[in-house]
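# Observations on the three-dimensional arrangement
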Amino acid sequence: MPRPQLPRPAAFWTVAVLLVLMLGASGVPSPLYRVYAEEFGFGSGTLTVVFAVYAFALLASLLVVGALSDHVGRRPVLAAALVLEAVSMVMFLVADGVGWLLAARVAQGLATGAFTGAVGAALLDLQRVERPLGPLVNAAAPGLGLSLGAVGAGLAVEFLPSPTDWVFGLLTVLCLVAAVGVWVSLPESSPRRAGTAASLVPSVHVPASQRRAFVVVLPCLVATWALGGLYLSLGPSLVADVFDRQDHVSGSLLILALNGTAVVGSLSLGRVSPTRGMVVGALSFVVGVLTTITALAVGSLALLFVAAVVSGFGFGGAFLGAMATVTAGVDPGERGALLAAVFTASYLGFSLPSIAAGIAAGHIGLERTAQLYGAFVIVLALSAVAGLAVRSRRPAVAPAPAVGPAAAPRPSCPNAAAAVE
């Protein structure tokens, strides 16, 4: 007897919700870092290492299994990743030292990396041809998930007697239920293909047809995710140490100000062309980061929150434009590999600059480090805008027709994601 399956529209939004859940779980530890630092006695250097091992494990997972769902199907990869995420939540639950935190973050990074490539490709598979929303969801979900996770954890720390028990216990249950739901009722959206063993050889594969676009959007990916990494790793510490706000909610709200408005940026620029959306987003991002540097210089916490809102809006718009640009016309059988490459670049930007910032903060102070960090991401964002300008002057080359009904072009659709079928 065949198992009951969700219809495609319901499956699409179910996968979108699962992406928010997974990213929400990855954002939960950020407000808890200060709690763990006080309990286990470590400083900003160790804190950023605990943060960064997650990103390194995620990268390793992307490099090894990022394209696996192109060969074995999306459903098995998604279900296995959710089970591993539940295991990491249990490890956080029983953590009694830095070693456990590192192990939990490694397990969580491996789970998120396996999930990221498969879920991004599944969203492209399941989107409606007449209204393709896959790139929009891929761009908006990180901001929404990280915001919900960080704010929820911050509120739990402030108001619940045993916050880690509540937070990680609930997430363990949710991830296990989600894994069962994926295995039982989610339709398989990608046929099995040969080459499974070869796909596990660590590599970053960008299809030849997408390489020029990938190079153009790369500085934008690194700049936006680098700022997100700084906020998630050191944002609450910045609020506490530089602005002397010791409550846990304020640091969480700063994360919300950046990541929450990233969702708004994605939605607001979702119906303009990818190039225009990326340019407007990147320039808004630059204005926001300049405001951040000003807020630190004048010591205004209110201005810092304004800067986070503007930066977040730019983050969302720029990332959506970059996603729509780089995935336009990609062959369905190469979606998992391409999304894995995109997120590999993004998480390298997310992790390496943050580690450098944590080390630098111990030598030159957190405030000065944040200002120099801001200048770094501004240069990257502006270089992305310049790259787009150069690309737009070159004669357009029509892409080869993509294979399959999901790849049929719909030039009349004004959505920024319309180029991605």
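Note that the structure is a prediction, hence the values are computed from the model and not measured. (Residues numbered from 1 in each chain as written. Predicted model: local features only at pLDDT ≥ 70, side-chain atom pairs only at ≥ 80, totals over all residues. Heavy atoms only, no water.)

## What to know about the overall build of the protein
Of the regular secondary structure elements, the protein holds 15 helices and zero strands. Over its C-alpha trace the protein gives a radius of gyration of 20 Å, about what one expects of a compact globule, namely 22 Å for 421 residues. Each principal axis of the C-alpha atoms in the protein carries an extent, and together these give about 55 × 55 × 35 Å. Looking at the protein residue by residue over its 421 residues, the buried ones come to 58%. By element, 70% of the accessible surface of the protein is carried by carbon and sulfur atoms, the whole surface being about 16,000 Å². In the protein, 21 positive and 17 negative side-chain charges are present, and the distance between their average locations comes to 16 Å. (Helix = DSSP H or I, 4+ residues; strand = E, 2+ residues; numbered from the N terminus. Rg over C-alpha atoms; globule rule 2.2 N^0.38 Å. Buried < 20%, exposed > 50% of the residue type's maximum accessible area, 1.4 Å probe, protein only. Areas by Shrake-Rupley, 256 points an atom, 1.4 Å probe, with all protein chains shown as cover. Lys, Arg positive; Asp, Glu negative; His and termini not counted. Charge placed at Lys NZ, Arg CZ, Asp CG, Glu CD.)

## Some remarks on helix α8 (residues 163-185)
Here α8 is 23 residues long and its end C-alpha atoms lie 33 Å apart, about the 33 Å a rise of 1.5 Å per residue gives. Taken residue by residue, α8 has Pro 163, Val 167, Phe 168, Leu 171, Thr 172, Cys 175, Ala 178, Ala 179 and Val 182 as its buried positions. (Expected span 1.5 Å × (residues − 1).)

## Some words on the side chain of Thr 344
As for its position among the elements, Thr 344 is in helix α14 (residues 335-364). Thr 344 sits in the buried class, given a relative accessible area of 8%. Residues within four places of Thr 344 in sequence aside, it is in contact with Leu 59, Leu 62, Leu 63 and Val 204. (Contact = heavy atoms within 4.5 Å.)

## What to know about a nonpolar patch on the surface
Together, Val 83, Leu 84, Val 87, Val 106, Leu 110 and Leu 176 make up an exposed nonpolar region whose accessible area comes to about 410 Å². For the nonpolar patch, the elements supplying multiple residues, two or more each, are α5 (74-94) and α6 (98-126). No other element matches α5, which puts three residues into the nonpolar patch. As for its placement among the helices and strands, Leu 110 is situated in helix α6. (Patch = residues over 30% accessible without salt bridge, like charges linked within 9 Å, V, L, I, M, F, W, Y side chains within 5 Å. Salt bridge = Lys/Arg side-chain N within 4 Å of Asp/Glu carboxyl O.)

## Observations concerning the environment of Leu 200
Considering the arrangement of structural elements, one finds Leu 200 in the loop between α9 (196-199) and α10 (211-243). In this view, Leu 200 contacts Val 64, Val 65 and Leu 68; residues no more than four positions away in its chain are not counted.

## Remarks on the packing of α5 against α6
Contact geometry for α5 and α6: axes closest at 8 Å, N-to-C directions at 155 degrees. Between α5 and α6, the crossing angle belongs to the class labelled roughly antiparallel. As α5 packs across α6, the resulting crossing turns out to be left-handed. Looking at the contact of α5 with α6, its residues break down into 22 nonpolar, three polar and four charged. (Axes fitted to C-alpha atoms, helices over the stretch in contact; angles between N-to-C directions. Parallel < 35°, antiparallel > 145°, perpendicular 65-115°, else oblique. Left-handed = near helix turned anticlockwise from the far one by under 90°. Nonpolar A, V, L, I, M, F, W, Y, C, P; charged D, E, K, R; others polar.)

## Some remarks on the packing of aromatic side chains
Under the definition given, this model contains nine aromatic pairs. For the pair Trp 225 and Phe 350, a centre-to-centre distance of 5.8 Å together with 75 degrees between the ring planes defines the contact as edge-to-face. Of the two residues, Trp 225 is situated in helix α10 and Phe 350 in helix α14; the sequence distance between them amounts to 125 residues. Here Trp 225 and Phe 350 have matching classes, each one buried. Ring geometry for Tyr 373 against Phe 376: centres 6.4 Å apart, planes inclined by 75 degrees, an arrangement best described as edge-to-face. (Phe/Tyr/Trp six-rings, centres within 6.5 Å; stacked < 30°, edge-to-face > 60°.)

## Examining the side chain of Gln 371
Here Gln 371 lies in helix α15 (residues 366-393). In this structure Gln 371 comes out as buried when scored by relative accessible area, which is 16%. Residue contacts for Gln 371: discarding those within four places in its chain leaves Ile 293, Leu 296 and Ala 297.

## Overview of the packing of helix α12 (residues 274-298) against helix α13 (residues 301-327)
At their nearest, the axes of α12 and α13 sit 7 Å apart, and the two run at 155 degrees to each other. Comparing the axis directions of α12 and α13 gives the class roughly antiparallel. Judged by the sense of rotation from one axis to the other, the crossing of α12 with α13 is left-handed. In terms of residue class, the contact of α12 with α13 is made up of 17 nonpolar, 13 polar and no charged.

## As for the pattern of salt bridges
The full count for this structure, using the stated rule, is two salt bridges. The shortest N-O distance in the salt bridge between Asp 70 and Arg 74 comes to 2.7 Å. Arg 74 shares its class with Asp 70; the two are buried. Of the charged contacts, one joins Arg 74 and Asp 125 as a salt bridge, the two residues approaching to 2.7 Å between their closest N and O atoms. One end of the pair, Arg 74, is in helix α5; the other, Asp 125, is in helix α6, and 51 residues separate them in sequence. On the accessibility criterion, Asp 125 (6% relative accessible area) is buried. When salt bridges that share partners are traced, they join Asp 70, Arg 74 and Asp 125 into one network.

## Some remarks on the environment of Val 87
Tracing the sequence through the fold places Val 87 in helix α5. What makes Val 87 partly exposed here is its relative accessible area of 41%. With 159 residues separating them in the primary sequence, Val 87 and Gln 246 have C-alpha atoms 31 Å apart.

## Side note on the nonpolar core
Counting 125 residues, the largest nonpolar core has Leu 82, Phe 115, Phe 168, Leu 304, Phe 319, Tyr 347 and Phe 350 as the members making the most contacts within it. By residue number, the principal contributor to this core is α10, which donates 17 residues. Non-local contacts of Phe 350, meaning those with residues more than four positions away in its chain, are made with Phe 51, Tyr 54, Ala 55, Trp 225, Ala 226, Gly 228, Gly 229 and Leu 232. (Core = buried A, V, L, I, M, F, W, Y, C linked by side-chain atoms within 4.5 Å.)

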